[in-house]
Amino acid sequence: MPRIPQPVRLICFDVDGTLVDQTIYIWQTLHDHFGSDLQRRRQAQRDYLGRRISYAEWFFHDIELLRERGADRTGIEQVIGLLAPMPGAVETLAGLKARGYRIGVISGSLDLVLDHFFSSAPIDHRLINRFVFDAEGRLAGGEPTPYDMEGKAAGLRELARREGLTLEQCAFVGDNKNDLEVMRVAGYSVGVNVKHPLVEKAVDRVVSGRDLRPLLDIFQGILS
Ligand SMILES: [Mg+2]
């Protein structure tokens, strides 16, 4: 019998591959599109995973790779325009909010992706990377999120603190390996569009199929 997520008050979501379709990681999609230097890209990823550089250093390194290839606001927005919200995503966020849940995003994706597809969605907290452009629209830098990869768990703790909740009252919905840590600390976790067998093992529930509306059957509302 699946555990019923009755005490849950806050539901947090990953973005790439969870709320947004046609990408696994937006960074990868952007690098592929702009033709960033593959060798330096891979080296930076290895350096981050080997703890030789910080997440912020990785972030600025990859921004530099995109800048070298002339990535600007228009080009980046064109790439994002080729993606799509996951089927039922907008309806599901609105439905969960209407049932009284607080909604959060904890993601290593970009503010531009969230703004493009979910600008009017009832999202109470957005923990996500930010790109900064100069007056001509050229990519000029950004603000790295402290809450990607293993940091996602700290992101959930931060949102629980802001909401005055315990971690038991917080749920997380995600799809991939960078969600594993936060799935372990969340009171309840759901895998959607699962990309890795470890995620399938880690979560309380798996939603099969791409449509997110089954989440409305799982989170039926807050019982007072
Ligand atoms: Mg993802």
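(A) Seen up close, the domain arrangement of the protein. Domain assignment breaks the protein into domain 1 (10-22 + 84-218) and domain 2 (26-81). Contacts between the two partners involve 24 residues from domain 1 and, on the opposite side, 20 residues from domain 2. Around 1800 Å² of area is buried between domain 1 and domain 2 when both sides are counted, 70% of it from carbon and sulfur atoms. For the interface between domain 1 and domain 2, the tally reads one salt bridge. Across the pair R51 and E150 runs a salt bridge, and its minimum N-O distance is 3.1 Å. Across the contact surface, domain 1 and domain 2 share seven residue pairs in polar contact (both at pLDDT 80 or more). If you list the elements that add at least two residues to the side of domain 1 that touches domain 2, you get strand 4 (102-110), helix 6 (111-118), strand 5 (125-133) and strand 6 (139-143). Per element, the largest residue contribution to the side of domain 1 that touches domain 2 is five residues, and it comes from strand 6.

(B) A look at the sheet that holds strand 1 (residues 10-13). The sheet built from seven strands is open, its strands ordered 6-5-4-1-7-8-9 with mixed pairing. In this open sheet, the two strands that pair with only one neighbour each are strand 6 and strand 9 (205-207). Going from strand to strand, the sheet's axes swing by 25° on average, the running direction of each strand aside. Sheet contacts for helix 3 (residues 55-68): strand 4, strand 5 and strand 6; angle to strand 6, the most-contacted strand, approximately 165°. Along the sheet, helix 6 makes contact with strand 4 and strand 5, crossing strand 5 at roughly 110°.

(C) Representation of the coordination of the magnesium ion in the model. For the magnesium ion, every protein donor is listed as D14 (OD), D16 (O) and D175 (OD), and the spread of their distances is 2.1 to 2.2 Å. Mapped onto the sequence, the residues coordinating the magnesium ion show the spacing D-x1-D-x158-D. One end of the pair, D16, is in the loop between strand 1 and strand 2 (20-21); the other, D175, is in the loop between strand 7 (170-174) and helix 8 (180-185), with 159 residues separating them in the sequence. Here D16 and D175 have matching classes, each one buried.

(D) A look at the pattern of salt bridges. In the structure shown here, the tally under the stated rule is 23 salt bridges. Across the pair R40 and E68 runs a salt bridge, and its minimum N-O distance is 2.7 Å. Taken as a pair, R40 in helix 2 (residues 38-49) and E68 in helix 3 lie far apart in primary sequence, 28 residues in all. Residue class for E68 comes out partly exposed when judged on its relative accessible area of 44%. Between R184 and E181 there is a salt bridge whose closest N-O contact spans 3.3 Å. Of this pair, R184 and E181 are both found in helix 8, three residues apart, which corresponds to roughly one turn of the helix. According to the relative accessible area criterion, R184 is exposed, its value standing at 54%. By relative accessible area, which is 33% here, E181 ends up partly exposed. Here the salt bridges share partners, and the residues they tie into one network are K97, R102, D124 and E163.

Criteria and cut-off values
Residues numbered from 1 in each chain as written. Predicted model: local features only at pLDDT ≥ 70, side-chain atom pairs only at ≥ 80, totals over all residues. Heavy atoms only, no water. Domains from an automatic or database assignment. Contact = heavy atoms within 4.5 Å. Buried area = accessible area lost by both parts, 1.4 Å probe. Salt bridge = Lys/Arg side-chain N within 4 Å of Asp/Glu carboxyl O. Polar contact = N/O pair within 3.5 Å; in protein donor to acceptor, adjacent residues only side chain to side chain. Helix = DSSP H or I, 4+ residues; strand = E, 2+ residues; numbered from the N terminus. Pairing = 2+ DSSP bridges. Axes fitted to C-alpha atoms, helices over the stretch in contact; angles between N-to-C directions. Donors = N, O, S within 2.8 Å, 3.2 Å for Na, K, Ca; no water. Buried < 20%, exposed > 50% of the residue type's maximum accessible area, 1.4 Å probe, protein only.

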